[in-house]
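Single-letter residue listing:
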Amino acid sequence: MSNIAGRVREVFRGDQRVDADALIARLDAVRRFLTAVDGLLPDSDLVPAHTLVERAGTRLALSRDHTVVALAGATGSGKSSLFNALAQLELSPVGVRRPTTGVTHACVWGPLEGANHLLDWIGVLPRHRFVRESALDADDETALHGLILLDLPDFDSVQRSHRLEVDRLLGLVDQVVWVVDPQKYADRVIHDSYLREFHRHRDVTLVVLNQADRLPPAEVPRVLDDLRRLLDTDGLTGVPLLATTALDPAGMVGLRDALERTVAERQAALRRLAGDVDTVVAGLDELVGSARPAGGPDDAAINGLNRALAGAAGVPAVTEAVERAYRHRAVAATGWPVVRGWRRLRPDPLRRLHLPGPGGDQADPAESLVAATSVPDPTAAQRSALGLAIRAVADRAAADLPAAWPGAVTSAARSRLGDLPDALDRTIAGTDLGLDRRPLWWRIVGGVQWLVTLAAVVGLGWLVLGYALRALGLPALDNPMVGQVPLPTALLLGGLLAGLLVAALTRPVVRWAARRARARADQRLTARVAQVGDEYVLTPVRIVLGSYAQARDALRDAARR
Ligand SMILES: Nc1nc2c(ncn2[C@@H]2O[C@H](COP(=O)(O)OP(=O)(O)OP(=O)(O)O)[C@@H](O)[C@H]2O)c(=O)[nH]1
Ligand SMILES: [Mg+2]
């Protein structure tokens, strides 16, 4: 797998300098990573990164002029003996009873004041802090000024507290000198539980084979070779390996020189933290992966979501009502005036859904904050179709993401599900369905209908007046003739027939226009519902994808040595 950790150079870099600014930039990148994934990935996976950020910040803020070196190893390997030999004082008791050292002892080369904050943070009790500063040998010891040497308890202890103390301190110190002896240098505990775990800290690791005097001189190189082979297996290829004898100053020269170099370089703290960043990045790599994710859900998934939202919002019911309302209103405006009044008595289909009724009045804005319409609630099938569509959006968006992320994307897609019904209802209520305007042709046809009806009424009145005069024996009206038909009769019959004819001719036009009104409303509603989907489903998904991209970039920056 070509992961980010793989790209971190896995070679011994003991002689490479770590730039403090570059390290701080890497730590900032880890911080950015944590901010990006906050609330999206399980906290348990992020503990090492949080610990690193906190520890590194503190260590860098504390003295960088001091180098904290720990002597770690199995009981009886000679840690305390080496500690005392380096300090040239009997500071830490050496004993035959095992284990001997139960609490960490510290020896500071140089004034204690500057080192005290560091030792407080590391957690060495004041009564176990010593100063290696004497007027007599000050010059000899100058090369070690700034060294804080720690004598740790044994890590393979029968005492659980010793192991806990060692594990705690190994997470804080700048450099570790692993002390092994000829009898136990191949023990599994030290290799499996400790040295192997430190393979990303090779450049702050030093191994000494102590008690070399117990071996026949000819045997020493053979044991060192064997130990080197084991260290290679542990992933510690290239780390400095020395033979020491704590009882003989001549057997300490190599170790002392190595410590002097470490102190002079002032690099151990930075290298240690750089190794910590490598370890944390390698642990996080799996959570982020290297694939570039899609920018968001694909069009097919979005279309599916919009369809499901439209169904759940009751768009089909509304558009059908729009078509019927158009017919209702058009017939009321253009129909034969005699039956128009009766038409108006019937309720408007949109009114029944509490949608804008005749005259285009909108729903009350106060009402529209809550469910505003009486559009039927979504059926179980529509609800489940919506659930599936949301899931499909999340699945498609998260398709390329590593295993830790699809869950976060799905949660984001569903995060505002509870608000969707109200939002959809408000949108439906607030959408201009396009029925506000009374088309001009309605008015023209309506006017024609009034004219022809008026003609019929005039004809009827004329005829009634003629009959009345005749019945009273008065002189009859002089009826002009239209062809063979008297004018009043022509007006009455012509008016009636024309009214019916106009109504019959208008009907198919009304039906066609109603279908168009429905299509227009459908388009508007679908667009508005899609906006709701964008705001309530797609935007949260895009935010998570954005966080993923940020996390990925941040981790890449953190991996850069
Ligand atoms: N011959 C020889 N004996 C040594 C050497 N280093 C330590 N010893 C002896 O080994 C025994 C254990 O030494 P310590 O220094 O107490 O060992 P330690 O690693 O501190 O042990 P704990 O405190 O129990 O973890 C003592 O008797 C020392 O005198 C050495 O280089 N050569
Ligand atoms: Mg000891």
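Presented here is an overview of the structure given in this document. All values derive from a computational prediction rather than experimental measurement. (Residues numbered from 1 in each chain as written. Chains lettered and ligands numbered in written order. Predicted model: local features only at pLDDT ≥ 70, side-chain atom pairs only at ≥ 80, totals over all residues. Heavy atoms only, no water.)

1. Topic: the overall build of the protein chain
Helix and strand counts for the protein chain come out as 20 helices and nine strands. Taking 24 Å as the expected radius of gyration for a compact globule of 561 residues, we find that the protein chain reaches 45 Å, considerably beyond that expectation. Taking the principal axes of the C-alpha coordinates as reference, the protein chain spans close to 160 × 45 × 40 Å. Per-residue burial over the protein chain gives 48% buried out of 561 residues. Residue pairs at least 24 apart in sequence account for 79% of intrachain contacts in the protein chain once pairs closer than 6 positions are excluded. (Helix = DSSP H or I, 4+ residues; strand = E, 2+ residues; numbered from the N terminus. Rg over C-alpha atoms; globule rule 2.2 N^0.38 Å. Buried < 20%, exposed > 50% of the residue type's maximum accessible area, 1.4 Å probe, protein only. Contact = heavy atoms within 4.5 Å.)

2. Let's talk about the site of ligand 1
Residues in contact with ligand 1 amount to 22 residues; listed here are only the nearest, Thr 75, Lys 79, Ser 81, Thr 100 and Thr 101. Gly 78 is positioned with one of its backbone polar atoms (N or O) 2.9 Å from an oxygen atom of ligand 1. In the complex, the protein chains occlude 90% of the 650 Å² of accessible area that ligand 1 would expose alone. Taken together, the residues of the shell around ligand 1 sort by class into five nonpolar, twelve polar and five charged. (Near = heavy atom within 4 Å. Polar contact = N/O pair within 3.5 Å; in protein donor to acceptor, adjacent residues only side chain to side chain. Areas by Shrake-Rupley, 256 points an atom, 1.4 Å probe, with all protein chains shown as cover. Nonpolar A, V, L, I, M, F, W, Y, C, P; charged D, E, K, R; others polar.)

3. Points about the coordination of the magnesium ion (ligand 2)
Listed as protein donors to the magnesium ion (ligand 2) are Ser 80 (OG) and Thr 101 (OG1); their distances from the metal cover 2.0 Å. Of this pair, Ser 80 sits in helix α4 (residues 79-87) while Thr 101 sits in the loop between α4 and β2 (105-108), and the two are 21 residues apart along the sequence. Classification of Ser 80 as buried rests on a relative accessible area of 8%. (Donors = N, O, S within 2.8 Å, 3.2 Å for Na, K, Ca; no water.)

4. Examining the environment of Leu 224
Mapped onto the elements of the fold, Leu 224 is located in helix α9 (residues 219-233). Given the relative accessible area of 19%, Leu 224 is considered buried. For the pair Leu 224 and Leu 209, spaced 15 residues apart in the sequence, the C-alpha separation amounts to 7.5 Å. Look past the residues within four positions of Leu 224 in its chain and what remains in contact with it is Leu 209, Leu 241, Leu 242 and Ala 243.

5. Digging into the side chain of Thr 101
For Thr 101, a relative accessible area of 9% puts it in the buried group. A distance of 2.7 Å separates the side chain of Thr 101 from the side chain of Ser 80, its partner in a polar contact. For Thr 101, the contacting residues outside a window of four places in its chain are Ser 80, Ser 92, Pro 93, Asp 151, Leu 152, Pro 153, Asp 154 and His 162.

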